[in-house]
Structure formats: C-alpha cells, structure tokens
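Coordinates in review
Residue-level listing of the chains:
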Amino acid sequence: MQNKIENFKLNPLTDSKFISTALATYEQNGIKKDWEIVQAHDSVAILIYYKEHKSFILVKQFRPPVYLKNSDGMTVELCAGIVDKEHTLEQIAKEEIEEECGYDVPLEKLEKITSFHTSVGFAGSKQILYYVEVDESMKVADGGGVDGELIEVVHLPVTEAKALIYDESIAKTPGLMFAFMWWFEKHS
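What you see is a predicted model, and the numbers here were worked out from it, not measured in a lab. (Residues numbered from 1 in each chain as written. Predicted model: local features only at pLDDT ≥ 70, side-chain atom pairs only at ≥ 80, totals over all residues. Heavy atoms only, no water.)

Right, let's get into helix α4 (residues 174-187). When the terminal C-alpha atoms of α4 are compared, their 20 Å separation across 14 residues agrees well with the 20 Å that a helix rising 1.5 Å per residue should span. Within the span of α4, buried status applies to G175, L176, A179, F180, W182, W183 and F184. (Helix = DSSP H or I, 4+ residues; strand = E, 2+ residues; numbered from the N terminus. Expected span 1.5 Å × (residues − 1). Buried < 20%, exposed > 50% of the residue type's maximum accessible area, 1.4 Å probe, protein only.)

Here you go:
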C-alpha cells in the first residue's frame, strides 16, 4: 500500500464525531482529585483465521496518533470497528469483516473470546473480542474499508504470528497480541 503523508498538523478539536474530552473531578479517600478523560465508543475486534491457508487475516492501516510517535503511522491490527450503531455486537463484527476484509460470515460462526478495557489511563473503552474461521466460499469482495478508509488486507501465516507479537518494529495493538496468544493456547 502506497502511503504518502503530507502537511500533517494538529488542530484544535471543535466538532467531534467520535470522542469527547472531559475533566473528571472527584474525592478519593477525602482528597480532591481531577483526571482528564477521553470519552470514546466501545469497539469490536475479530481474529479471523483462514482455514485453507493456515493464516490469519489482519488489516494494515494508517493511524494518525501512531504517526505522531513513529513518522510512519502504519499499524497491523485485527479487523475491528466502533460500536456506534443500533445493532448487536455480532452484527457489527460481521459488517466490519465484510467491509474491511471482504468475507461474509454467518453470525452463528462468530465466537466471543472475551472483552477488556483499552487505554485505561485516559479512555477506558471496552473492546469485545471475537474469533471466526473463514474459507474461500465466504469471500464476497476485496475488502479495504469504506468511506475513504485505506485498509490493506494482510494474510499472516500462523507460523509467523508469534514473531509478530514480539517484533517491536511493527506497530500493533495489544488486542492483536492477546488474540494470538489465545489462539495458540487453544489450538496448539
């Protein structure tokens, strides 16, 4: 995927669609405290296993906050999406799999692994983690996202997944690393 970033700058956030900031004030053991908080949507993430090729289907995409840290901004992640619709979590996961990766999976094939909180120091959003196995019969599109998203579908052989967990040169999410560890514990 060609990724040429130009004219990157930070501006004040005036009309937010997905997050809001707040100052929480409270008393803890009689001591007045405050804490800056980012309120953000919960999300779903899906570990997709491609049975015929013994590989995981992941997404690679540009993330502006990561760009601030590494001047590249590209991350390798699980297929994921925010919970911002009046659908079940499974319906949102199914929709994300088709939009980002191009597979139409039956709802009953989605297996919930667990849920956990992310960015606990400033956001505390919940992520619900799923697992699904796909095969070529479920392929309906190329994936790549919608509405101008630049998502590259990545096929990672299972034999390379453990190395990715510990490769610090590749920006990735803790959810991805946890999902791989779950898979190896369950399938090894």
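Our focus in this paragraph is the side chain of E100. Mapped onto the fold, E100 is located in helix α2 (residues 89-101). With no salt bridge to any partner, buried E100 finds its closest opposite charge in R63, at an N-O distance of 6.1 Å. A distance of 3.3 Å separates a polar side-chain atom of E100 from the backbone nitrogen of A80. Once you skip the residues sitting within four places of it in the chain, E100 turns out to touch V59, C79, A80, G143, G144, G145, E149, I151 and V153. (Lys, Arg positive; Asp, Glu negative; His and termini not counted. Salt bridge = Lys/Arg side-chain N within 4 Å of Asp/Glu carboxyl O. Polar contact = N/O pair within 3.5 Å; in protein donor to acceptor, adjacent residues only side chain to side chain. Contact = heavy atoms within 4.5 Å.)

Looking now at unusual backbone geometry. The phi angle at N7 is positive, at roughly 55 degrees, despite the residue not being glycine. The residue N7 is located in the segment before β1 (19-28) in this model. Owing to a relative accessible area of 76%, N7 belongs among the exposed residues under this scheme.

Turning our attention to the pattern of salt bridges. This structure, assessed with the given rule, holds six salt bridges. For K85, the salt bridge identified is with E95, shortest N-O distance 2.8 Å. One end of the pair, K85, is in the loop between β6 (79-82) and α2; the other, E95, is in helix α2, and ten residues separate them in sequence. Here E95 falls in the partly exposed class, since its relative accessible area comes to 26%. Salt-bridge contacts for D104 lead to K94; the nearest nitrogen and oxygen are separated by 2.4 Å. Of this pair, D104 sits in the loop between α2 and β7 (111-118) while K94 sits in helix α2, placing them ten residues apart in sequence.

All we've got here are geometric facts, nothing functional implied.
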